[in-house]
Amino acid sequence: MELATSAKSLTKDTADFAKSAVMTKLFKAPTSESAILWGLLHIKIVRCKNLRNLDKLGLKSLIVKRKKDLSDPYVTAWLEDYRLLKTRFVDDDLDPVFDEEFYCPVAHVTEGIKFKVKDKDVVKDESLGTYFLPVQELIQMNEDGDLQRVGVHKVVYLDGKKSHGSLEFFVEFLPVRMLAHTMEVPGVYFKQTKGNDVKLYMNADDDGSAPIVTYGEDAKVWKPPRLWRDIYDSICSAKHFIYMAGWSFDIDQYLLRGEDLKEAERLSSYPAKLGDLLLKKSEEGVVVNLMQWDDYSSNFAFPGMMGTYDEKTREFFQGTNVNSMFMSMEGGDVNTIFEGQNKKMAFTHHQKFIMMDTPKKNGDGGKELLAFVGGIDLTEGRWDNRKHPLFRTLQMNHKGDTYGKCFRVSKENGPRQPWHDIHSSVRGPEALDLIQAFSERWTKQAPQLVGELVNLHRIGLGDATTLENDGGWYTQLSRSIDSRVNAFDVSVKQSFQNIKIDQMGAFGWTSASDKKAEKSRRFVTNSNSLLSYNRCLDQKKGRLVDTSIHMTNIHHIRRAKHFIYIESQYFMGSSFMWSNSSERDVKCH
């Protein structure tokens, strides 16, 4: 309050001085050569010319028989030891054309961007040359002390030597004040949808002990939703399809416990045990497609290091109507055999979602799409509630479900490991995006079963407009995945545009002196016209990458005005600017 009150009493001159002092501290510290880049770097790597040939009579020519034996160049760009980008490598070419664009959110104190051109080789990649772009070439303030938009286009000599060849690139710095601060995250794969009904869950179940919360003018009482109960009911009501993706599924887990289980066993025609329930639905003619992570360390004799029950699931559904597929992470063409095997062993997609058709919530007799997405797998140890019992439920709700990785436990005596997590469900057009996300992975990693994907238009559930409801939620899906394991929509890829550097001349190119450059020009503007994302997917080593989780987090953190609350299994392990203990005091609690 004191700071807010005193700030109101500042004269305009004093306020301008204070603003100038803050900006000077930010953008000139810690050395005269460094500044903070806070915003977005838009970079295009155009081409290289007249590169040196480092492959002549090299190891590669002895191992691989080739018609040509030239350097296989690629380009990376760095802010100190943080890599901004990496292009694909171009085989046997001393004049490679890349034409690759990158959008890189930045908040980095740096002296500049270092471009490295390297030759891809069998044992160790070799340097073909470097170029350093000082950060001061990207920093320009207007009369009010606000950062401006700056673009730089150069054709530079690598290592400052014409004999080492040249690199052509375009770099544009967009300060954070010029970026969109809308609720919708711009420049990502899935767009915002409206007309959704969302339900938020805490833990897999609720035991009724939550405090009474009233809301609205008529003092409605909020009743905490029950995730596994809702999943069970929704699976039971599905008539056309059920899609499930998860890190782990345990076919022996009961979706209902206690009195709910007893009631279902007495009155319902559907079993509460997950595996039996999916079998029952598939026998009714419902398409059941299940994707589970393939633990590379598991086999028929060994359950695997991660205990995901993939082998048990595989055996249970073998020869049934349930389409169960087990998918590992895949290495790319640029990976060695060892690297590829390591990715299958150590990396996984932690996507956990379930989609199905379901009766409309308003009870008008129609049907709609329902999707569950979040952090809770349908597997051992996840069924829990706000009381998180350790011992007292071992012979009741947690009988045979005593999961514990913290220390050695017994199934009979525990203690069980508490499990706290969050989840959500959505009815409406957003469910179409979740189904697309599932279908893209299925198409890429289970191509032999693409015909098992349901035609949503054929069952009247393929039009986003007709799926809208009065729930009032605007939603947007984000994820982290790449083209090694995902078949991105062809129409989306076809919509990509390449920036035409000469078009930026609308802002007024001016020649910029650079003794190490064949060509150097620059523009400075306060305009954000022509500011758009030419693509909604990132690139890495030539493959397409959806980094929308990363982009979404940054976008909404930058939008925040009053507080930021983050809950995550894994959070801050390091930061670009945490070089010593004094800088690690980031005031996060």
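The rules behind the values
- Residues numbered from 1 in each chain as written.
- Predicted model: local features only at pLDDT ≥ 70, side-chain atom pairs only at ≥ 80, totals over all residues.
- Heavy atoms only, no water.
- Helix = DSSP H or I, 4+ residues; strand = E, 2+ residues; numbered from the N terminus.
- Contact = heavy atoms within 4.5 Å.
- Patch = residues over 30% accessible without salt bridge, like charges linked within 9 Å, V, L, I, M, F, W, Y side chains within 5 Å.
- Areas by Shrake-Rupley, 256 points an atom, 1.4 Å probe, with all protein chains shown as cover.
- Salt bridge = Lys/Arg side-chain N within 4 Å of Asp/Glu carboxyl O.
- Buried < 20%, exposed > 50% of the residue type's maximum accessible area, 1.4 Å probe, protein only.
- Pairing = 2+ DSSP bridges.
- Core = buried A, V, L, I, M, F, W, Y, C linked by side-chain atoms within 4.5 Å.
- Phe/Tyr/Trp six-rings, centres within 6.5 Å; stacked < 30°, edge-to-face > 60°.
- Axes fitted to C-alpha atoms, helices over the stretch in contact; angles between N-to-C directions.
- 1 Å grid on protein atoms, 1.4 Å probe; cavity = no way out; pocket = protein on both sides within 12 Å on 5 of 7 lines; lining within 4 Å.
- Points joined across faces, edges and corners; volume = space filled by probe spheres on them.
- Nonpolar A, V, L, I, M, F, W, Y, C, P; charged D, E, K, R; others polar.

Help me out: how do you make sense of the side chain of Thr379 in this one?
Tracing the chain through its elements places Thr379 in the loop between β16 (367–374) and β17 (422–427). Ignoring any residue separated from it by four or fewer positions in sequence, one finds Thr379 in contact with Trp228, Ser248, Phe249, Asp250, Gln253 and Tyr309.

Please explain a nonpolar patch on the surface as it appears in this structure.
There is a patch of nonpolar side chains on the surface, built from Val213, Tyr215 and Trp222 and spanning about 290 Å² of accessible area. Along the chain, the position of Val213 falls in strand β10 (residues 213–215). You can call Val213 partly exposed: its relative accessible area is 38%.

Explain the pairing of β17 to me, please; I cannot follow it from the model alone.
Among the six residues of β17, five are classified as buried, and the element is accordingly described as predominantly covered. In terms of strand pairing, strand β9 (residues 193–202) meets β17 through six bridges, oriented antiparallel. The residue bridging Lys199 from the neighbouring strand is Ser425, located in β17.

In this structure, what is going on with the nonpolar core? I would like to understand it.
Soluble globular proteins tend to pack their nonpolar side chains together in the buried interior. Of all hydrophobic cores here, the largest spans 40 residues; its most connected members are Phe241, Tyr243, Met355, Leu369, Phe438 and Trp442. Breaking this core down by element, the ones donating at least two residues are β12 (241–246), β13 (287–293), β14 (323–327), β15 (353–359), β16 and α9 (430–445). At seven residues, the largest contribution of residues to this core is made by α9. In this structure Leu369 touches Phe241, Met356, Thr358, Val426, Arg427, Gly428, Ala431, Leu432, Ile435, Leu461 and Leu467, once residues within four positions along its chain are discounted. With 36 residues, the next largest nonpolar core counts Ile43, Leu51, Cys104 and Leu167 among its residues.

Even after reading the chapter, I still don't get the packing of aromatic side chains, so can you show me in this structure?
Considering all chains together, one arrives at 16 aromatic pairs under this definition. Here the aromatic rings of Trp247 and Trp293 are separated by 6.3 Å at their centres, their planes lie at 15 degrees, and the arrangement is stacked. Separated by 46 residues along the polypeptide, Trp247 in the loop between β12 and α5 (258–267) and Trp293 in strand β13 bring together distant segments of the chain. Seen in terms of ring centroids, Phe438 and Trp442 are 5.6 Å apart; in terms of plane orientation they differ by 20 degrees. Their pairing is stacked. Within this pair, Phe438 and its partner Trp442 are both found in helix α9, separated by four residues, close to a single helical turn.

What exactly am I supposed to notice about the sheet that holds β14 here?
Two strands in a sheet stick together by hydrogen bonds in their backbones, pointing the same way (parallel) or opposite ways (antiparallel). The eight strands are arranged β14-β13-β12-β15-β16-β17-β9-β18 in an open sheet whose pairing can be described as mixed. Two strands lie at the open edges of the sheet, namely β14 and β18 (473–475), each paired on one side alone. With strand direction ignored, the average angle separating the axes of adjacent strands in the sheet is 30 degrees. Here two bridges tie β9 to β18, and the two strands are oriented antiparallel to one another. Paired with Asn196 across the bridge in β18 is Trp473.

What's the story with the environment of Trp473 in this structure? I'm lost.
For Trp473, the position within the fold is in strand β18. Residue classification places Trp473 among the partly exposed positions, given a relative accessible area of 37%. Sequence spacing of Trp473 and Gly428 is 45 residues, and the spatial spacing of their C-alpha atoms is 9.4 Å. Not counting residues up to four positions away in its chain, the partners in contact with Trp473 are Thr193, Lys194, Gly195, Asn196, Asp197, Val198 and Leu200.

Explain the sheet that holds strand β20 (residues 510–511) here, please?
Across the sheet, which stays open at both edges, the six strands sit in the order β4-β1-β8-β7-β21-β20 with antiparallel pairing between neighbours. Bordering the open sheet on either side are β4 (97–110) and β20, each of which pairs with just one other strand. Two elements, strand β1 (residues 35–49) and β4, share twelve bridges in a ladder whose sense is antiparallel. Counterpart to Leu37 in the pairing with β4 is His108. The strands touched by helix α12 (residues 548–559) are β1 and β4; relative to β4, the strand with the most contacts, the crossing angle is about 40 degrees.

Sorry, what's going on with unusual backbone geometry here?
Negative phi characterises most residues that are not glycine, and trans characterises most peptide bonds. Pro415 follows Gly414 through a cis peptide bond whose omega is 0 degrees. For Ala219, which is not a glycine, the phi torsion comes out positive at approximately 55 degrees. Locating Ala219 in the fold gives a position in the loop between β10 and β11 (220–222). Take Ala219: its relative accessible area is 44%, and that puts it in the partly exposed class.

Would you take a moment to explain empty space enclosed by the protein for this structure?
Under the counting rule described, the total for this entry stands at four cavities of 30 Å³ or more. When its volume is computed, the largest cavity comes out at roughly 130 Å³. Elements represented by at least two residues in the lining of the largest cavity include exactly β4, β23 (543–547) and α12. A class-by-class count of the residues in the lining of the largest cavity yields eight nonpolar, three polar and four charged. Approximately 70 Å³ is the volume attributed to the second largest cavity. Around the second largest cavity, the lining residues are Ala245, Gly246, Phe249, Lys352, Phe353, Ile354, Phe372, Ile376, Asp377, Leu378 and His423. Only β12 and β15 provide two or more residues apiece to the lining of the second largest cavity. Of the residues belonging to the lining of the second largest cavity, the class tally is seven nonpolar, two polar and two charged.

Would you explain the side chain of Glu440 in this entry?
Residue position: Glu440 is located in helix α9. On the basis of relative accessibility, which here comes to 5%, the residue Glu440 falls in the buried class. Ignoring sequence-local partners within four residues, the contact set of Glu440 consists of Tyr189, Arg479, Asn486, Ala487, Phe488 and Asp489.

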